[in-house]
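Residues per chain, in single letters:
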Amino acid sequence: MFKGSGVALITPFNEDMSVNYLELSKLVEYHCTNNTDALIVLGTTGEASTLTDDEKTKIVKTVLDINKKRLPIIVGSGSNNTIKAIEMSKKYESMGVDGLLLVTPYYNKGNEDGIYKHFISIAEFVKLPIMLYNVPGRTGVHLSLGLLKRLAKQKNIVAIKEASGDITYASEIARLIPELDIYSGNDDIIVPLLSIGAVGTVSVLANIEPKIVHNIVFNYLNGDTKEAMRLQLKYNGLVKGLFVEVNPIPVKKAMNLLGKNVGACRLPLGEMDEKNIEFLQKELKEIGELI
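Caption draft 1: Quick look at the side chain of Glu23. Mapped onto the elements, Glu23 comes out in helix α1 (residues 21–32). Lys26 provides the closest opposite charge to the buried, salt-bridge-free Glu23, at an N-O distance of 4.1 Å. Apart from the residues within four sequence positions on either side, Glu23 is in contact with Pro12, Lys260, Asn261 and Val262.

Caption draft 2: How the structure looks around unusual backbone geometry. Going from Asn247 to Pro248, the amide bond is cis rather than trans, its omega being 10°. With respect to the helices, strands and loops of the structure, Pro248 is situated in the loop between α10 (225–242) and α11 (249–257). The step from Leu267 to Pro268 runs through a cis peptide bond, and the omega angle for that step is 15°. Within the fold, Pro268 resides in the loop between α11 and α12 (274–286). Of note in this structure, Leu42 is not a glycine but carries a positive phi near 65°. Mapping Leu42 onto the fold places it in the loop between β2 (38–41) and α2 (53–67). Exposure remark for Leu42: the relative accessible area of 5% places this residue in the buried category.

Caption draft 3: Spotlight on the sheet that holds strand β3 (residues 73–76). Here eight strands make up a closed barrel; going around it, the order is β1-β2-β3-β4-β5-β6-β7-β8 and the pairing parallel. Averaged over neighbouring strand pairs, the angle between their axes works out to 25° when direction is ignored. Two elements, β3 and strand β4 (residues 99–103), share three bridges in a ladder whose sense is parallel. The partner of Val75 across the bridge, within β4, is Leu100.

Caption draft 4: Broad picture of the packing of helix α3 (residues 82–95) against helix α4 (residues 112–125). Packing of α3 against α4 leaves a shortest axis separation of 9 Å and a crossing angle of 25°. As summarised for this structure, α3 and α4 are arranged roughly parallel, according to the angle between their axes. Taken as a pair, α3 and α4 cross one another with a handedness that is right-handed. In contact with Thr82, Ala85, Ile86, Ser89, Lys90 and Glu93 of α3, α4 contributes His118, Ser121, Ile122 and Phe125. The residue makeup of the contact of α3 with α4, split by class, is four nonpolar, four polar and two charged.

Caption draft 5: Inspection of the pattern of salt bridges at higher detail. With the rule as written, the count across this model stands at ten salt bridges. In this structure, Glu87 engages Lys84 in a salt bridge whose closest nitrogen and oxygen atoms are separated by 3.8 Å. Residue Glu87 and its partner Lys84 are both found in helix α3; the two are separated by three residues, about one turn of the helix. Note on Glu87: relative accessible area 41%, which makes it partly exposed. Across the pair Lys117 and Asp113 runs a salt bridge whose closest N-O atoms are separated by 3.1 Å. Remark: Asp113 and Lys117 occur in helix α4; sequence separation between them is four residues, near one turn of the helix. With a relative accessible area of 37%, Asp113 lands in the partly exposed category. One network of salt bridges, in which partners are shared, links Asp53, Lys84 and Glu87.

Thresholds, definitions, all that
For every chain, the first residue of the written sequence is number 1, and numbering continues from 1 onward in sequence order. Totals for whole chains, interfaces and linings use every residue, but because this is a predicted model, local features are given only for residues with pLDDT of at least 70 and side-chain atom pairs only at 80 or more, for both listing and counting. Working from all heavy atoms in the structure, the side-chain values ignore hydrogens and water. Helix numbers and strand numbers start at the N terminus; a helix is a DSSP run of H or I with at least 4 residues, a strand a run of E with at least 2. The buried label goes to any residue with under 20% of its type's maximum accessible area, the exposed label to any with over 50%, and the partly exposed label to all in between, with areas taken from a 1.4 Å probe on protein chains only. Here the positive residues are Lys and Arg and the negative ones are Asp and Glu; neither His nor the chain ends is included. We define a salt bridge as a contact between a side-chain nitrogen of Lys or Arg and a carboxyl oxygen of Asp or Glu at a distance within 4 Å. Whether two residues are in contact is decided by their heavy atoms: any pair within 4.5 Å suffices. Note: two strands are recorded as paired if DSSP finds a minimum of 2 bridges between them. With axes taken as lines fitted to C-alpha atoms, and helix axes fitted only over the stretch in contact, angles between N-to-C directions fall between 0 and 180 degrees. Convention used here: angles under 35 degrees read as roughly parallel, angles over 145 as roughly antiparallel, angles from 65 to 115 as roughly perpendicular, and any remaining angle as oblique. Each helix crossing is assigned a hand: it is left-handed if the near helix lies turned anticlockwise from the far helix by less than a right angle, otherwise right-handed if that turn is clockwise. In this classification, Asp, Glu, Lys and Arg are treated as charged, Ala, Val, Leu, Ile, Met, Phe, Trp, Tyr, Cys and Pro as nonpolar, and every other residue, Gly included, as polar.

Written as structure tokens, this is what we have:
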């Protein structure tokens, strides 16, 4: 679907908590001109679960209009409601996006048979390439290797965003299901996943350090593994700061501290604790982003 750094794009809000489409346009332009390799829209970091369908459609249209086909656009259309996921996937395909990100069904979860049929049902209604999204810490669902092997037989299920943090599991995907491209879903272990065959990352860090995340990936892929690891370790302190509270609270705080007007998060995500803000500021100063 892409090689390199796909930014897990945040959704900016105005003071009245409406979507700030002007700031969204600025962010898309920023990524198009700062080495981001793909735009991942309406994911966890984009607060998709708090957006209306109309807002989602307008966000996707805004991103498409500003991007002008410069970067691949992959849109989160997953749901724990299969019919809804099919509806949104078809809509985004008709709008001209380049791929879909499908999270595992959450809350109602589903058993193996149900999850298999859920993903296959969506995949059969669209022609776009699909990236599965394994994030058991949020969904309570962990995709088994057997299930992944079955799903990978569907021609347009081509990739997985692996965000369990389990490198052994990721290496088994690489060994047993090589037809699935792997993308790191954890900013602190991009290089370890690249070492077992990943082709890129879907990154929260890239919201504020797009060139760095791009360089981590391409230094590794181009053979300069020492420089990739140096950058990974240098920025892991900041990554820790970006996940000191539930994402995307810290990354939006960091962006605001750095002068980007992205606003707060919608409820139920609240204000960041003062001690955690201090920790985040310290890490931003460590890498020279804050004076």
